[in-house]
Amino acid sequence: MFAIDVPYLSIRQTFYSGQTLLWERHDRNADHTRYTIQHGDRLLGVAQKGDRLILNCTEDEFFEIWYGYLDIGTDYLHVNRSLMDCQGYMREFAKYSSGVHVINQSPHEAILTTILQYRQYRSESKRLMRWLCENCGEERRKLVKGLGSVKYFSVPTIEQLSNKLWLIGETFLDVEYPTDQQALDALTMDLVYQYVCECYDGYFSPYSDKAKFDDTQLRMDLRMYDWLPDEKCVGRVMLYGYGRKNIFPMSDYVSRKIKKHTHMEPDLFVDWYLHDSDYKGYASQYVLYKFLNPIERQDKWAW
């Protein structure tokens with residue numbers, strides 16, 4: 001066990017911010033709230049009281065893996081104050097969502113998450129990610145205080161996915177009389193299929209020198225691939241997978257909500273409030289959290 005105080009981080013708000021598909025909330029009763037956070041083949045149990053995180057890991061593991069993943073090294077007090085200084089609607093979003101962190105996923109995990117969330121409801125995206133992990137990843141167990149031995153499955157690597165392409169095709173792509181949801185699943189998993197094939201054949205590598213590209217080069221490179229169908233998908237991968245915190249991914253959902261809430265065109269909203277800001281990526285998560293959670297949620301503490 002390891003405990004540390006982290007100001008301006010709310011595990012609850014980050015959980016409900018829509019960034020990841022492999023976090024789980026566990027409520028044993030009305031007085032107990034804890035989370036399991038999965039990153040690749042690692043699992044972390046966490047509970048929070050105020051600024052204090054109680055973590056089911058060693059201090060070395062925390063600083064080696066979770067410190068960077070949870071973006072704890074960023075000065076969120078400065079980020080939040082800078083965005084609140086934008087005034088107007090941006091101040092409202094920053095004040096409401098001040099505990100949200102941008103999660104630093106691996107490029108591979110960010111690409112999978114982005115593809116699975118394309119045109120799918122979040123619940124369906126989570127279902128598809130669980131299917132990939134359970135059928136293509138490796139079974140693991142982690143002892144988590146209060147939850148016992150937790151079984152989970154690692155995020156499958158490109159090699160593991162390539163070995164199960166036949167199963168993806170058989171399960172999703174070869175359905176003879178698909179329902180509407182099955183047809184949508186087929187479209188989504190076909191993008192996964194294309195991504196894995198291009199990685200396996202050497203046409204694309206998420207871990208190549210792309211991290212060294214400037215924003216323009218990276219955006220142009222990612223636009224080349226059909227499995228990232230539009231600009232919002234490219235923006236999500238740049239933000240979550242390559243750490244480009246100056247990118248505001250404009251999904252259709254956020255676009256509609258901005259128009260309704262602010263009576264502004266989405267591009268005008270970003271340009272008006274954030275034109276000279278280096279924190280557009282953080283702002284995008286503040287905005288998304290506010291729209292996904294119009295009524296603030298609360299956790300019960302006990303551990």
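Not measured: the values here are computed from a predicted model.

Caption draft 1: Here's a closer look at the pairing of strand E6 (residues 139-144). Relative to strand E7 (residues 148-153), E6 runs antiparallel, the two sharing six bridges. Its bridge partner being in E7, Arg 140 is matched across the sheet by Tyr 152. Between E6 and E7, which pair antiparallel one after the other, the connecting turn spans three residues, and Gly 146 there sits at a positive phi close to 85 degrees.

Caption draft 2: Seen up close, the environment of Pro 249. Mapped onto the fold, Pro 249 is located in the loop between helix H11 (231-242) and helix H12 (252-262). For the pair Pro 249 and Leu 239, spaced ten residues apart in the sequence, the C-alpha separation amounts to 7.7 Å. With residues near it in sequence (within four places) discarded, Pro 249 still touches Lys 232, Gly 235, Arg 236, Leu 239 and Ser 284.

Caption draft 3: Representation of the environment of Val 150 within the structure. Locating Val 150 in the fold gives a position in strand E7. Taking the C-alpha atoms as reference, Val 150 lies 42 Å from Val 270; in sequence the two are 120 residues apart. If we skip the residues at most four places from it in the chain, Val 150 touches Leu 43, Arg 140, Arg 141, Lys 142 and Val 144.

Caption draft 4: Here's a closer look at helix H6 (residues 122-136). Here H6 contains 15 residues, and its C-alpha end-to-end distance of 21 Å stays within 8% of the 21 Å for a straight helix at 1.5 Å per residue. Listing the buried residues of H6 in full gives Glu 124, Ser 125, Lys 126, Leu 128, Met 129, Trp 131, Leu 132, Cys 133 and Cys 136.

Caption draft 5: Focus on the packing of aromatic side chains. Here the structure, examined in full by the defined rule, presents 20 aromatic pairs. Between Phe 15 and Tyr 35, the aromatic rings sit 5.3 Å apart at their centres with planes inclined by 55 degrees, giving tilted as the arrangement. Here Phe 15 is found in helix H1 (residues 11-15), whereas its partner Tyr 35 is found in strand E3 (residues 32-39), with 20 residues between them in sequence. Residue Phe 15 shares its accessibility class with Tyr 35, and that shared class is buried. Plain terms: the ring middles of Phe 62 and Tyr 67 are 6.2 Å apart, the flat faces sit at 85 degrees to each other, and that makes the pair edge-to-face. Relative accessible area serves as the criterion here: at 0%, Phe 62 is assigned to the buried category. Exposure remark for Tyr 67: the relative accessible area of 31% places this residue in the partly exposed category. Among the aromatic side chains, those forming a connected cluster through ring pairs are Phe 2, Phe 62, Phe 63 and Tyr 67. Its guanidinium or amino end placed over the ring of Tyr 96, Lys 290 lies 4.0 Å from that ring's centre, counting from NZ or CZ.

Cut-off values and rules
- Residues numbered from 1 in each chain as written.
- Predicted model: local features only at pLDDT ≥ 70, side-chain atom pairs only at ≥ 80, totals over all residues.
- Heavy atoms only, no water.
- Pairing = 2+ DSSP bridges.
- Helix = DSSP H or I, 4+ residues; strand = E, 2+ residues; numbered from the N terminus.
- Contact = heavy atoms within 4.5 Å.
- Expected span 1.5 Å × (residues − 1).
- Buried < 20%, exposed > 50% of the residue type's maximum accessible area, 1.4 Å probe, protein only.
- Phe/Tyr/Trp six-rings, centres within 6.5 Å; stacked < 30°, edge-to-face > 60°.
- Lys NZ or Arg CZ within 6 Å of the ring centre and 35° of its normal.

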